[in-house]
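One letter stands for each residue in the lines below.
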Amino acid sequence: METSQPSRTAMHAAHHRARHQSDPQRILTDPLAPRILRLDPDELPLPDEPLDLYGIRFVAARSRFAEDALASAVATGTRQLVILGAGLDTFAYRNPHAGLRVVEVDHPATQAWKRQQLAAAGITVPPSVTFAPVDFERDTLAGALATAGLDRTRPAFFLWLGVTPYLTREAVLTTLRFMAGHHAPVQMVFDYYGEAPSTLSPELRAVREAAAKMVAELGEPWLSCFTPEDIADELRAMKLDGIEDLTGPELVARYVGRPVPKADPVGGRVLHAGRTVAL
């Protein structure tokens, strides 16, 4: 992304969540999603193309999956949530968990844009929310979270959606190691792109290539992907377990209650892992 501009892919994900609110098979209920974009739900019709509809439902499903996992963590005592690359995510402003503190981490330009959108939409920022701007050319994640008051001796939940494909492999693993190095019990949900299946039809391969071209032209190209076996090995080396790794179609099917097309040209996956003891 351009350093003076908010993330365009964050805007794209926000539109997906907003359009999903008119889906008769709603996976994620988020009345703030259209509001933060200052759009009427009637201005956000669902697409007719099955792959486009699947993409919208996948974005909704990954947030629902993360929020369900967070609810379970809160039930066992977690009171700190860190949202990395928060974009226009609205969880912190409809947070149902009393006592849960939320730290939103993002690039300063994207975060400033979000705060403008919140103010314009009349969405109140509750006292439980702390903004932690991070420009990785000058700042570190550890430093930003320390300034924001994250307590590394108390359980925490890290939420990281829609970001890893745009980072190098080493940047992804460095961030995962930071999260896994939390001294207290920790859980995390993140998504990543798997390697392109060799079985993709020419039509679906063309869809993947077109999507890759689009984000590259926006200045936010895809830079990394992992196999499920590869990422699981890395997480186990970080002393994380309880790994649940779902393909996009598996995840969407969980919430719509019926099978969905198995062909996902982008290969998006969502993973939940954690550690229930202190380091």
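**Re the overall build of the protein chain**
A tally of regular secondary structure across the protein chain gives 9 helices and 7 strands. Against the compact-globule benchmark of 19 Å for 279 residues, the protein chain has a radius of gyration of 18 Å, which places it among compact chains. Overall, the protein chain is about 50 × 45 × 40 Å in size when its C-alpha atoms are taken along their principal axes. Residues counted as buried form 52% of the 279 residues belonging to the protein chain. Restricting to contacts in the protein chain with at least 6 residues of sequence separation, those with at least 24 account for 75%. Counting every atom, the protein chain has about 12800 Å² of accessible surface; 54% of that belongs to carbon and sulfur. Looking at the protein chain, you have 29 positive and 34 negative side-chain charges, and the mean spots of the two groups are 5 Å apart.

**Focus on the packing of helix 1 (residues 8-20) against helix 3 (residues 50-75)**
Across the interface, helix 1 lies against helix 3 with an axial gap of 8 Å and an inter-helix angle of 95°. Judged on the interaxial angle alone, helix 3 and helix 1 are roughly perpendicular. Residues Ala13, His16, Arg17, Arg19 and His20 of helix 1 lie in contact with helix 3, whose contacting residues are Gly55, Ile56, Arg57, Val59, Ala60, Arg62 and Ser63. Per-class residue counts for the contact of helix 1 with helix 3 are 4 nonpolar, 4 polar and 4 charged.

**Comments concerning the pattern of salt bridges**
Under the defined criterion, the tally for this structure stands at 13 salt bridges. Residue Arg94 pairs with Asp30 through a salt bridge whose shortest N-O separation is 3.2 Å. With Arg94 in the loop between strand 1 (80-84) and strand 2 (101-106) and Asp30 in the loop between helix 1 and helix 2 (32-36), this pair connects stretches of sequence that are 64 residues apart. A salt bridge links Asp233 to Arg236, with the shortest nitrogen-to-oxygen separation between them at 3.6 Å. Of this pair, Asp233 and Arg236 both sit in helix 8 (residues 228-237), 3 residues apart, roughly one helical turn. Residues joined by salt bridges that share partners form a network here, namely Asp30, Glu67 and Arg94.

Parameters and conventions
- Residues numbered from 1 in each chain as written.
- Predicted model: local features only at pLDDT ≥ 70, side-chain atom pairs only at ≥ 80, totals over all residues.
- Heavy atoms only, no water.
- Helix = DSSP H or I, 4+ residues; strand = E, 2+ residues; numbered from the N terminus.
- Rg over C-alpha atoms; globule rule 2.2 N^0.38 Å.
- Buried < 20%, exposed > 50% of the residue type's maximum accessible area, 1.4 Å probe, protein only.
- Contact = heavy atoms within 4.5 Å.
- Areas by Shrake-Rupley, 256 points an atom, 1.4 Å probe, with all protein chains shown as cover.
- Lys, Arg positive; Asp, Glu negative; His and termini not counted.
- Charge placed at Lys NZ, Arg CZ, Asp CG, Glu CD.
- Axes fitted to C-alpha atoms, helices over the stretch in contact; angles between N-to-C directions.
- Parallel < 35°, antiparallel > 145°, perpendicular 65-115°, else oblique.
- Nonpolar A, V, L, I, M, F, W, Y, C, P; charged D, E, K, R; others polar.
- Salt bridge = Lys/Arg side-chain N within 4 Å of Asp/Glu carboxyl O.

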